[in-house]
Amino acid sequence: MIIIEETEEDKNSVPVPDEDFIEEEELTTEEQKYRSAQALLDSLDCVTRYEQGVKTLLDAAAMFDEIDDYEDSAKRAADCRKRAEAYEKKGIEEAYREAVKLCEEAVTKMDYRTAISELNRFPDYKDCRERIDICKKAVEREETKQAWKHRVIAAVIVVVAVVGVWAVFQLI
């Protein structure tokens, strides 16, 4: 095994940047806003719900509008609005398909309620209102089944209790 020791001279030979020599980039207000809007657009990949994606694009458009005379900001603002419209159309259709799938595959009250919640995001789209009504009726049907189940259980308990009391009095 070879051991190499670092000498004081070795330690001093590594250049350490002097804080006075590190210059921070001076940005104009317009450049800061431009970069912020661009960062907002870059964050679009992290968005999971289409509503948030549309909001992100419209917020970026508003930021570009604030500096519409800076570089290509006016063009980028218009592009953001156009993308927001397309993003919303595509997002609604995908979310609709998922909500329909939830509704069709629902088994429990919670499944139906989840489907209702998802369909309520865009109630005026296609046949969402009808599907919401179908899911609500299914919830009522499940609640009725559950209520009858509880009634039957309560009746059985009462009958067993009556028979038990009757049997006790027969023994006395």
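Reading guide: rules and limits
Residues numbered from 1 in each chain as written. Predicted model: local features only at pLDDT ≥ 70, side-chain atom pairs only at ≥ 80, totals over all residues. Heavy atoms only, no water. Helix = DSSP H or I, 4+ residues; strand = E, 2+ residues; numbered from the N terminus. Buried < 20%, exposed > 50% of the residue type's maximum accessible area, 1.4 Å probe, protein only. Contact = heavy atoms within 4.5 Å. Axes fitted to C-alpha atoms, helices over the stretch in contact; angles between N-to-C directions. Parallel < 35°, antiparallel > 145°, perpendicular 65-115°, else oblique. Nonpolar A, V, L, I, M, F, W, Y, C, P; charged D, E, K, R; others polar. Core = buried A, V, L, I, M, F, W, Y, C linked by side-chain atoms within 4.5 Å. Phe/Tyr/Trp six-rings, centres within 6.5 Å; stacked < 30°, edge-to-face > 60°.

A.B. asks: Describe the overall build of the protein, naming the residues involved and giving the relevant values.
C.D. replies: Secondary structure assignment for the protein yields 6 helices and 0 strands. Taken from the N to the C terminus, the helices and strands of the protein come in the order α-α-α-α-α-α. Each of the 172 residues in the protein was classed as buried or not, and the buried ones make up 24%. Nonlocal contacts in the protein, meaning residues at least 24 apart in sequence, comprise 58% of its contacts between residues at least 6 apart.

A.B. asks: Describe the packing of helix H3 (residues 50–66) against helix H4 (residues 73–105), and please don't skip the residues or the numbers.
C.D. replies: Relative orientation of the contacting elements H3 and H4 amounts to 170 degrees, with a least axis distance of 8 Å. Between H3 and H4, the angle is such that the two are roughly antiparallel. For the pair H3 and H4, contact is made by Tyr50, Gly53, Val54, Leu57, Leu58, Ala60, Ala61, Phe64 and Asp65 and by Ser73, Arg76, Ala77, Cys80, Arg81, Arg83, Ala84, Tyr87, Glu88, Gly91, Ile92 and Ala95, respectively. For the contact of H3 with H4, the residue count by class is 13 nonpolar, 3 polar and 5 charged.

A.B. asks: Mind laying out the side chain of Thr56, listing which residues take part and the relevant values?
C.D. replies: As for its position among the elements, Thr56 is in helix H3. For Thr56, the residues in contact, after removing those within four places along its chain, are Leu40, Ser43, Leu44 and Val47.

A.B. asks: Account for unusual backbone geometry, naming residues and giving values.
C.D. replies: You will see that Glu71, though not glycine, has its phi angle at about 45 degrees, which is positive. Of note, Glu71 is situated in the loop between H3 and H4. Positive phi outside glycine occurs at Lys126, with the angle close to 45 degrees. Counting through the fold element by element, Lys126 comes out in the loop between helix H5 (109–119) and helix H6 (128–171).

A.B. asks: Talk me through the nonpolar core; I want residue IDs and the actual numbers.
C.D. replies: Membership of the largest hydrophobic core comes to 33 residues, with the highest contact counts inside it found for Leu41, Tyr50, Phe64, Cys80, Tyr112, Phe122 and Cys135. Elements with a minimum of two residues in this core: helix H2 (29–42), H3, H4, H5 and H6. When residues of this core are assigned to their parent elements, the largest contribution, 9 residues, is made by H4. Apart from the residues within four sequence positions on either side, Tyr50 is in contact with Tyr87, Glu88, Gly91, Ile92, Ala95, Arg121 and Phe122.

A.B. asks: Can you tell me about the packing of aromatic side chains, naming the residues and giving the values?
C.D. replies: For the structure shown, the criterion picks out 4 aromatic pairs. Between Tyr34 and Phe64, the aromatic rings sit 5.5 Å apart at their centres with planes inclined by 70 degrees, giving edge-to-face as the arrangement. A residue pair is termed long-range when its members are at least 10 positions apart, and Tyr34 in helix H2 and Phe64 in helix H3 qualify at 30 residues. Across this residue pair, the class does not change: Tyr34 and Phe64 are buried. Each ring, one from Tyr34 and one from Tyr70, has its centre 5.7 Å from the other, and the planes form 70 degrees; the classification is edge-to-face. Of this pair, Tyr34 sits in helix H2 while Tyr70 sits in the loop between H3 and H4, and the two are 36 residues apart along the sequence.

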